Amino acid sequence: MKPFTYERAASPAQAAAAAIQMPGAKFIAGGTNLLDLMKLQIETPAHLIDVNRLALDTIEPTQEGGLRIGALVSNTDLAADARVRRDYGVLARALLAGASGQLRNKATTAGNLLQRTRCPYFYDTDQPCNKRHPGSGCSAIGGVTRQLGVIGTSDACIATHPSDMAVALRALDATVETVKADGATRRIPVAELHRLPGDTPHVETVLEPGELITAVLLPAPVGGTQIYRKVRDRASYAFALVSVGAILQHDGTGRIALGGVAPKPWRVEEAEAELPNGPRAFTTRLMAGARPTRDNAFKVALAERTLGAVLNEARG
Amino acid sequence: MKFDTPATTNPIDQMKVVGQPLDRIDGPLKTTGTAPYAYERHDVAAAPAYGYVIGSAVPKGRITGMDVSAAQHAPGVLAVVTAENAGPLDKGKYNTAKLLGGPEIEHYHQAVALVVAESFEQARAAAALVKIDYAAEPGRFDLHAARVAAFPPEENDITGPPETHVGDFAGAFAQAPVTLDETYTTPDHSHAMMEPHATLAAWEGDRLTVWTSNQMIAWANGDLAKTLRMPKEKVRVVSPFIGGGFGGKLFLRADVVLAALGARAAGRPVKVALQRPLIANNTTHRPATIQRIRIGATREGVITAIGHESWSGDLEGGGPETAVNQTRLLYAGANRMTAMRLAVLDLPEGNAMRAPGEAPGMMALEIAMDEMAEKLGIDPIEFRIRNDTQVDPEKPERPFSARAFAECLRLGAERFGWDARNSRPGQRREGKWLIGIGMAAAFRNNLLMKSGARVRLDGEGRVTVETDMTDIGTGSYTIIGQTAAEMMGVPIEKVTVRLGDSTYPVSAGSGGQFGANNATAGVYATCVKLREEVTQRLGFNSEDAVFADGHVRAGNRAVLLGAAAAEGDIVAEDAIEYGDLDERYQQSTFGGHFVEAAVDAYTGETRIRRMLAVCAAGRILNPKSARSQVIGAMTMGAGAALMEELAVDTRRGFFVNHDLAGYEVPVHADIPHQEVIFLDETDPLSSPMKAKGVGELGICGVGAAVANAVYNATGVRVRDYPITLDKYLDRLPDAA
């Protein structure tokens with residue numbers, strides 16, 4: 001870990017303003033990912049801005065009938081919230097499918113969205129990685145890729161976004177609320193928050209320097225049967241091979257987002273028109289343009305089969 | 001004591017203390033966090049400095065330049081140890097690659113430097129400032145590619161002969177009406193123990209003490225002295241508690257050598273724990289295997305030909321994974337062949353991991369037996385029993401010392417409800433789950449090793465045992481205490497056990513499931529000697545004296561045991577040594593593993609539902625700690641079956657998933673109901689304890705039992721471990 005300076009922010013706007021004044025500054029909340037990365041010197045912030053004392057840890061109803069989830073609400077508290085459990089079951093189930101009880105106690109809502117990939121080559125500082133060292137090359141491509149992305153990837157990076165929560169938020173059409181360094185606020189749909197890697201896999205979101213997520217907004221409940229199905233090699237405490245966040249209505253329509261397959265939660269709204277035609281028709285559209293490796297080609301078939309399992313579960 | 005004739009009745013047979021399911025005597029220390037592990041020895045060395053290990057960034061090649069100046073000037077840094085400044089070092093007898101590499105690099109993450117600083121964080125920060133230039137060289141990292149150049153490994157005590165042949169295997173196989181010829185693979189495995197390799201080292205003049213985490217104290221002592229080119233009398237190794245080893249701590253490793261060198265360079269005690277991401281590539285691992293098995297049988301299911309070949313790889317000078325071992329002994333068959341081939345690989349050093357040889361060997365052989373039974377249309381249990389043998393099938397003049405193999409299988413079948421199994425696969429479904437039942441034999445050899453102890457009796461009647469035996473979580477403290485208590489006729493509370501110190505007599509150590517039987521036999525031998533001294537001092541005829549209830553009795557006379565030491569402690573020292581009983585008799589342990597597995601018809605996820613192991617392993621010294629050993633081994637076997645694999649990057653030459661997030665082992669949710677049954681057995685040919693090992697028997701065969709259950713559930717046969725869903729998703733029956 002490199003030595004760093006530290007401050008405790010007084011307000012969200014002040015935190016954002018401070019972040020652009022110090023080159024290499026980072027926000028820290030739960031630290032469940034950032035501290036690991038700092039110890040390995042994958043992240044080397046010169047300055048940490050602690051946002052934990054900002055009063056962003058409540059869940060409030062919105063005028064539109066949805067929920068405003070403070071950026072600092074822990075994954076544990078969010079999953080346990082009665083309104084979330086009642087109206088946004090896919091979110092509660094996704095949260096509980098992730099990490100462990102101890103980690104969920106510390107991990108925050110915004111931090112979960114901004115966690116970084118678990119690509120093993122990203123984690124090994126003796127290997128080239130375009131995310132870690134732009135331009136150094138991708139050592140994963142051609143290597144051990146079973147866990148890595150099959151769609152939305154590029155020749156520079158095939159890493160996945162590891163979050164379960166983000167998959168549910170994508171299916172729920174959630175929006176993040178931010179404050180920028182100049183004090184202005186804006187809203188960004190979760191769909192647009194994460195960028196595909198292209199030639200710049202180190203740039204992972206559309207957030208501007210200093211921009212701080214203050215909340216996640218859930219629209220009014222949409223009902224339906226909500227399911228989060230995570231497939232992994234062991235029964236708990238593992239990242240998804242494939243996961244499916246689903247909101248299914250009685251008329252056969254629905255919304256589906258996938259985890260474990262792409263650099264961001266993977267959802268293609270147009271494909272959802274195919275849902276009444278069955279898992280194969282839908283998945284064929286959803287995964288059109290997939291570029292799997294030999295080792296992870298199974299994820300395409302697994303996505304279809306997992307969706308079949310979800311539809312079966314929804315039928316009861 | 002020389003043990004060269006079968007044991008007769010002796011005080012252990014009383015089973016007042018031995019054989020009882022006592023709680024482990026070190027339990028309170030562990031549950032209260034006060035057991036002193038190496039990295040936390042705040043009690044023995046004041047203000048230690050901290051070392052941080054730098055591993056090689058290339059798998060093969062040379063260091064062409066190293067700039068440590070920035071690190072040396074970083075805050076808190078006391079020393080930077082490299083091969084260049086460490087002075088001349090030898091290599092340990094049990095090491096294949098050097099523990100401090102450079103300029104030549106033999107494998108990825110081979111240690112090339114240790115940064116020593118006032119704090120761990122300072123050492124870690126400074127380590128990132130060390131600049132190393134490498135000239136990488138091409139290496140051989142792919143077993144499947146290197147297999148063509150594989151050769152018969154050199155024969156030694158551990159490896160055994162590279163090949164065995166009995167009768168005419170080729171001819172009998174060609175003529176057999178029913179045959180199987182299949183190839184199976186097992187991947188590289190990491191020990192993944194909870195406590196990393198860790199050492200605190202301190203010098204006093206030219207004397208060195210290391211508090212470390214090691215299974216074999218005498219080996220570590222000898223190899224540390226050899227590596228540092230010092231007399232071994234000047235080196236003391238202390239390792240009273242070990243947070244898991246599984247074979248990964250059988251040998252001297254880099255943490256010990258680097259802590260010693262760091263302490264010398266810094267002029268004060270230094271402690272080093274291998275960082276978790278280094279462990280997979282810096283230390284040893286269980287090598288991957290490719291195994292071809294051929295079985296020929298009559299239509300009645302009598303094996304007439306059995307052949308097992310195994311290919312594995314290791315660094316130049318290393319050894320093979322002896323995966324054909326059990327096939328030399330487990331089933332009858334007049335015509336037989338086994339062969340091992342070793343390929344040179346430039347991956348990290350391969351070596352022993354829990355049940356080396358049998359663990360991966362049984363994973364392959366016991367799928368093959370299941371496949372063969374199906375071809376024959378015979379129940380898999382019946383097929384195995386039909387080919388049972390009471391003699392070494394390669395050397396029929398050698399009977400097994402005890403072999404209750406068929407009994408294990410029959411009892412297991414009854415207890416597990418084997419009758420309910422449908423021999424046609426893919427027939428049982430509960431909702432989305434495909435349900436299957438599978439079984440496999442369990443087999444692991446019993447090894448005899450010299451083992452010594454020192455036992456002291458004081459005037460209060462308290463007995464203190466000292467031996468360099470280790471407790472790697474197995475329960476050694478407790479069974480040694482039970483042995484001494486039984487022998488001296490005192491309750492276990494009157495016994496103090498001290499382990500893991502090179503100033504104590506050399507024991508068998510912990511490995512190869514040989515620790516329990518041999519170390520307790522060493523204590524037995526020493527107690528026999530102590531009893532003789534006690535009876536002599538008390539004026540008893542040693543033949544008649546009975547040690548019980550804290551007294552020594554003969555005829556009408558009873559004397560407090562402590563009275564013998566009224567004028568000073570009595571100390572006895574002895575060792576158990578063995579004759580040729582293990583040459584005249586084949587000594588092995590046996591069992592059966594039974595597994596019920598459920599496979600998700602949609603996704604192919606496998607969830608084990610219940611497991612049973614039935615074991616015949618001689619006298620069970622403590623049923624509670626033995627059960628813990630077996631259920632732990634079953635868990636490890638389930639991991640090997642379903643998830644564990646060190647993923648090799650065959651271009652870049654290293655194990656990619658080198659932390660506990662990437663190298664998945666079972667979590668609690670993976671392990672359901674586990675049951676263990678021990679047959680009531682004694683083996684008087686194994687030792688005066690009449691016990692054998694059990695800690696590795698529990699892993700041998702589990703993987704195949706899972707694989708066979710998955711087959712029974714799905715009708716899909718997977719021959720490449722681990723059985724992950726990507727290997728059979730496209731062959732699963734239609735889910736809907």
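This is a predicted model, so every value here is computed, not measured. (Residues numbered from 1 in each chain as written. Chains lettered and ligands numbered in written order. Predicted model: local features only at pLDDT ≥ 70, side-chain atom pairs only at ≥ 80, totals over all residues. Heavy atoms only, no water.)

Student: Quick one: what's the story with the overall build of chain B, residue by residue and with numbers?
Tutor: When helices and strands are tallied, chain B shows 16 helices and 30 strands. Taken over the C-alpha trace, chain B has a radius of gyration of 27 Å; the compact-globule value for 736 residues is 27 Å, and the two agree within 12%. Judged by the C-alpha coordinates and their principal axes, chain B covers about 80 × 75 × 50 Å. Split into buried and exposed, the 736 residues of chain B put 64% on the buried side. Counted over contacts in chain B with a minimum sequence separation of 6, partners at least 24 positions apart contribute 81%. (Helix = DSSP H or I, 4+ residues; strand = E, 2+ residues; numbered from the N terminus. Rg over C-alpha atoms; globule rule 2.2 N^0.38 Å. Buried < 20%, exposed > 50% of the residue type's maximum accessible area, 1.4 Å probe, protein only. Contact = heavy atoms within 4.5 Å.)

Student: Give me the pattern of salt bridges: which residues, what numbers.
Tutor: A full pass over the atoms with the stated rule returns 69 salt bridges over all chains. Note that B:D501 and B:R236 form a salt bridge whose closest N and O atoms lie 2.5 Å from each other. Residue B:D501 is located in the loop between strand 21 (495-499) and helix 13 (515-538), and its partner B:R236 is located in strand 12 (residues 235-238); the two are separated by 265 residues in the primary sequence. The class for B:R236 is partly exposed, based on a relative accessible area of 32%. In this structure, B:R498 engages B:E466 in a salt bridge whose closest nitrogen and oxygen atoms are separated by 3.1 Å. Of the two residues, B:R498 sits in strand 21 while B:E466 sits in strand 20 (residues 463-467), which places them 32 residues apart along the sequence. Through salt bridges with shared partners, one network takes in A:R170, A:D173, A:R255, A:R267, A:E269 and A:E272. (Salt bridge = Lys/Arg side-chain N within 4 Å of Asp/Glu carboxyl O.)

Student: Please provide a residue-by-residue account of the interface of chain A and chain B, values included.
Tutor: Contact residues are listed per partner, giving 36 residues for chain A and 39 residues for chain B. Carbon and sulfur atoms supply 53% of the area buried between chain A and chain B, which totals about 3,000 Å² over both sides. Looking only at chain A, the three residues that lose the most surface to chain B are A:D233, A:R234 and A:R305, adding up to 23% of its buried area. At the boundary of chain A and chain B, one finds 4 salt bridges. Note that A:R146 and B:D726 form a salt bridge whose closest N and O atoms lie 2.9 Å from each other. Our count for the chain A to chain B interface comes out at 19 residue pairs in polar contact (both at pLDDT 80 or more). Contributing elements (two or more residues each) for the side of chain A that touches chain B: helix 8 (120-123), strand 9 (225-231) and helix 12 (298-315) of chain A. With 8 residues, the top contributor of residues to the side of chain A that touches chain B is helix 12 of chain A. Here the side of chain A that touches chain B is built from residues that sort into 16 nonpolar, 10 polar and 10 charged. (Buried area = accessible area lost by both parts, 1.4 Å probe. Polar contact = N/O pair within 3.5 Å; in protein donor to acceptor, adjacent residues only side chain to side chain. Nonpolar A, V, L, I, M, F, W, Y, C, P; charged D, E, K, R; others polar.)

Student: Which residues make up the sheet that holds strand 5 (residues 67-70) of chain A, and what values go with them?
Tutor: Residues and elements named next belong to chain A. On the basis of which strands lie adjacent, the open sheet formed by 5 strands has the order 4-5-8-6-7 and antiparallel pairing. This sheet does not close on itself; its edge strands, each paired only once, are strand 4 (59-61) and strand 7 (185-189). Adjacent strand axes in the sheet meet at a mean angle of 25 degrees when their direction is disregarded. With 3 bridges joining them, strand 4 and strand 5 adopt antiparallel strand pairing. Within strand 5, the residue paired with P61 across the bridge is L67. (Pairing = 2+ DSSP bridges. Axes fitted to C-alpha atoms, helices over the stretch in contact; angles between N-to-C directions.)

Student: Could you give an account of helix 3 (residues 120-127) of chain B, naming the residues involved and the relevant values?
Tutor: Turning to helix 3 of chain B, its buried residues are B:A123, B:R124, B:A125, B:A126 and B:A127. Against the buried residues of helix 3 of chain B lie helix 2 (34-39) of chain A together with strand 2 (49-55), helix 2 (69-72), strand 4 (77-82) and strand 6 (111-117) of chain B.

Student: Explain the packing of helix 9 (residues 358-376) of chain B against helix 16 (residues 702-714) of chain B to me, and be specific about the residues and the numbers.
Tutor: All names here are of chain B. Direction vectors running N to C along helix 9 and helix 16 enclose 35 degrees, while the axes themselves pass 7 Å from each other. In this structure, helix 9 meets helix 16 at a crossing whose hand is right-handed. Here M362, M363, E366, I367, D370 and E374 of helix 9 come into contact with helix 16, specifically with G703, A704, A707, N708 and Y711. Looking at side-chain class alone, the contact of helix 9 with helix 16 contains 6 nonpolar, 2 polar and 3 charged residues. (Left-handed = near helix turned anticlockwise from the far one by under 90°.)

Student: If you had to explain the nonpolar core to someone new, which residues and values would you point to?
Tutor: In terms of nonpolar packing, the biggest core is built from 124 residues, with A:I256, A:L258, A:V261, A:W266, B:I295 and B:L330 touching the most fellow members. Residue contributions to this core peak at 11 residues, all from helix 9 of chain B. Not counting residues within four places of it along the chain, the set of residues in contact with B:I295 comprises B:F173, B:V178, B:T179, B:L180, B:I303, B:A305, B:I306, B:A368, B:M369 and B:M372. Counting residues in each nonpolar core, the second largest holds 54 residues, with B:L448, B:I480, B:C527 and B:L621 among its members. (Core = buried A, V, L, I, M, F, W, Y, C linked by side-chain atoms within 4.5 Å.)

Student: Give a description of the domain arrangement of chain B that names residues and reports values.
Tutor: All names here are of chain B. Parsing chain B into structural domains produces domain 1 (2-35 + 448-581) and domain 2 (399-446 + 587-731). On a C-alpha basis, the centroid separation for the pair domain 1 and domain 2 is 34 Å. Tallying the contact residues gives 34 residues for domain 1 and 28 residues for domain 2. At the boundary of domain 1 with domain 2, total buried surface from both sides reaches about 2,300 Å², with 54% on carbon and sulfur atoms. Of all residues in domain 1, L448, Q513 and N517 give up the largest surface area on contact with domain 2, accounting jointly for 28% of the area buried on that side. At the junction of domain 1 and domain 2, the tally comes to 3 salt bridges. For D23, the salt bridge identified is with K624, shortest N-O distance 2.4 Å. For the interface between domain 1 and domain 2, the tally reads 19 residue pairs in polar contact (both at pLDDT 80 or more). Sorting the residues of the side of domain 1 that touches domain 2 by element identifies helix 12 (476-488), helix 13 and strand 25 (570-578) as the ones contributing at least two each. The element contributing the most residues to the side of domain 1 that touches domain 2 is helix 13, with 5 residues. Of the residues in the side of domain 1 that touches domain 2, the class split is 16 nonpolar, 15 polar and 3 charged. (Domains from an automatic or database assignment.)

Student: Let's hear about the side chain of B:K692: which residues, and what values?
Tutor: All names here are of chain B. Mapped onto the secondary structure, K692 falls in the loop between strand 30 (673-678) and helix 16. For K692, a relative accessible area of 4% corresponds to the buried category. At 2.8 Å, the side chain of K692 forms a polar contact with the side chain of D683. Beyond its immediate chain neighbours, meaning those up to four positions away, K692 contacts S401, A402, N446, N517, S588, T589, A617, G618, R619, E681, D683 and S686.

Student: Mind laying out the pairing of strand 3 (residues 61-67) of chain B, listing which residues take part and the relevant values?
Tutor: Each regular strand displays side chains that alternate between the two surfaces of the sheet. Residue and element names in this part refer to chain B. Where strand 3 and strand 5 (residues 104-105) come together, 2 bridges link them in antiparallel fashion. Opposite G61, over in strand 5, you have I105 as the bridge partner. For strand 3 and strand 7 (residues 131-136), the ladder comprises 6 bridges, and the chain directions are antiparallel. Opposite R62, over in strand 7, you have A135 as the bridge partner.

Student: So, the environment of A:K39: which residues are in play, and what are the values?
Tutor: Checked against the element boundaries, A:K39 lands in helix 2. Taking the C-alpha atoms as reference, A:K39 lies 18 Å from A:A107; in sequence the two are 68 residues apart. Not counting the four nearest positions on each side in its chain, A:K39 is found in contact with A:M1 and B:R124.

Student: Describe the packing of helix 15 (residues 623-642) of chain B against helix 16 of chain B, listing the residues and the values that go with them.
Tutor: Each pair of packed helices gets described by two things: the angle between the helix axes and the distance between those axes. Residue and element names in this part refer to chain B. Packing of helix 15 against helix 16 leaves a shortest axis separation of 7 Å and a crossing angle of 55 degrees. Of the possible angle classes, the one that applies to helix 15 and helix 16 is oblique. Considering only the axes of helix 15 and helix 16, their crossing is right-handed. Contacts between helix 15 and helix 16 involve M634, G637, A638, A641 and L642 on the former and, on the latter, V702, G703 and V706. Looking at side-chain class alone, the contact of helix 15 with helix 16 contains 6 nonpolar, 2 polar and no charged residues. (Parallel < 35°, antiparallel > 145°, perpendicular 65-115°, else oblique.)

Student: Account for the sheet that holds strand 18 (residues 433-445) of chain B, with residues named and values stated.
Tutor: Residues and elements named next belong to chain B. In spatial order, the strands read 17-18-26-27-30; together these 5 strands make up an open sheet with mixed pairing. Every other strand in the sheet has two partners, leaving strand 17 (428-430) and strand 30 as the edge strands with one partner each. Direction aside, the axes of adjacent strands within the sheet are offset by 25 degrees on average. Two elements, strand 18 and strand 26 (residues 588-600), share 13 bridges in a ladder whose sense is antiparallel. Bridging from a neighbouring strand, A442 pairs with G591 of strand 26. Here helix 15 sits on the sheet in contact with strand 26, strand 27 (606-616) and strand 30, set at roughly 130 degrees to strand 30. Most of the contacts of helix 16 go to strand 18, to which it runs at about 155 degrees, and overall it touches strand 18, strand 26 and strand 27.

Student: Before we move on, can you summarise the layout of surface pockets with the specific residues and values?
Tutor: All names here are of chain A. Of the volumes computed, that of the second largest pocket is approximately 570 Å³. Taken together, 24 residues make up the lining of the second largest pocket; nearest its centre are G278, P279, G308, L311 and R315. Counting only elements with at least two residues in the lining of the second largest pocket, the list comes to helix 11 (279-286) and helix 12. Here the residues of the lining of the second largest pocket are counted per class, giving 11 nonpolar, 7 polar and 6 charged. (1 Å grid on protein atoms, 1.4 Å probe; cavity = no way out; pocket = protein on both sides within 12 Å on 5 of 7 lines; lining within 4 Å. Points joined across faces, edges and corners; volume = space filled by probe spheres on them.)

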